[in-house]
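One-letter residues, chain by chain:
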Amino acid sequence: MSFVEKLITPGTYKSAWSNFVASSSAYYKPMFRSGSVTPLWHFMLLTSVVMYSASYTYKGIAVQEARQEKKVALEEYYEKHGKSGHH
């Protein structure tokens, strides 16, 4: 089977997911049973990474545009009114 065929075959992804679930279960199940805090820390870390990535990906562009707009507005204001170090 060629590389492209593997990419478009759903079975490739299904088997990869099955392997991931099986290995995760084998890794975390004993930790849950023993009352370890490690799974909680892993879940918290995963949540943080996903939230940061999503926030940066979806809101990052809008934030950069807003910052640029404020910068231009401040430059125009300083041009018109002058820039002083104090109020």
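What counts and what doesn't
- Residues numbered from 1 in each chain as written.
- Predicted model: local features only at pLDDT ≥ 70, side-chain atom pairs only at ≥ 80, totals over all residues.
- Heavy atoms only, no water.
- Helix = DSSP H or I, 4+ residues; strand = E, 2+ residues; numbered from the N terminus.
- Rg over C-alpha atoms; globule rule 2.2 N^0.38 Å.
- Bend = angle between axes of the 7 residues up to and from the residue.
- Expected span 1.5 Å × (residues − 1).
- Axes fitted to C-alpha atoms, helices over the stretch in contact; angles between N-to-C directions.
- Parallel < 35°, antiparallel > 145°, perpendicular 65-115°, else oblique.
- Contact = heavy atoms within 4.5 Å.
- Nonpolar A, V, L, I, M, F, W, Y, C, P; charged D, E, K, R; others polar.
- Phe/Tyr/Trp six-rings, centres within 6.5 Å; stacked < 30°, edge-to-face > 60°.
- Buried < 20%, exposed > 50% of the residue type's maximum accessible area, 1.4 Å probe, protein only.

1. Concerning the overall build of the protein
(1) Moving on: Within the protein, the secondary structure is distributed over 3 helices and 0 strands.
(2) Moving on: When the elements of the protein are put in sequence order from the N terminus, they spell out α-α-α.
(3) Moving on: By the compact-globule yardstick of 12 Å for 87 residues, the protein is too spread out, its C-alpha radius of gyration being 25 Å.
(4) Moving on: With respect to the principal axes defined by its C-alpha atoms, the protein has extents near 65 × 45 × 15 Å.

2. Describing helix 3 (residues 38-81)
(1) Moving on: Of all the bends in helix 3, the largest measures some 55° and sits at Lys59.
(2) Moving on: Just downstream of helix 3 lies Gly82, where phi reads positive at about 85°.

3. Thoughts on helix 2 (residues 10-34)
(1) Moving on: Helix length check: helix 2, at 25 residues, gives a terminal C-alpha distance of 36 Å against a target of 36 Å (1.5 Å per residue), a fit within 8%.
(2) Moving on: Within two residues after helix 2, Gly35 carries a phi angle of roughly 80°, on the positive side.

4. Things to note about the packing of helix 2 against helix 3
(1) Moving on: The N-to-C vectors of helix 2 and helix 3 enclose an angle of 125°; their axes lie 9 Å apart at closest approach. When the axes of helix 2 and helix 3 are compared, the pair comes out oblique. Here Tyr27, Tyr28, Met31 and Phe32 of helix 2 come into contact with helix 3, specifically with Thr38, Pro39 and His42.
(2) Moving on: Broken down by class, the residue content of the contact of helix 2 with helix 3 amounts to 5 nonpolar, 2 polar and no charged.

5. A word on the packing of aromatic side chains
(1) Moving on: Enumeration over the complete set of coordinates arrives at 4 aromatic pairs.
(2) Moving on: A ring pair is formed by Trp17 and Phe20, whose centres lie 5.5 Å apart and whose planes are at 35°; its orientation type is tilted. Taken together, the residues Trp17 and Phe20, both in helix 2 and 3 residues apart, mark about one turn of the helix.
(3) Moving on: On the accessibility criterion, Trp17 (55% relative accessible area) is exposed.
(4) Moving on: Ring centres of Tyr27 and Tyr28 lie 4.8 Å apart, and the angle between their planes is 85°; this geometry places the pair in the edge-to-face category.
(5) Moving on: The class of Tyr27 is partly exposed, set by a relative accessible area of 44%.

Shape is all these values report; function is a separate question.
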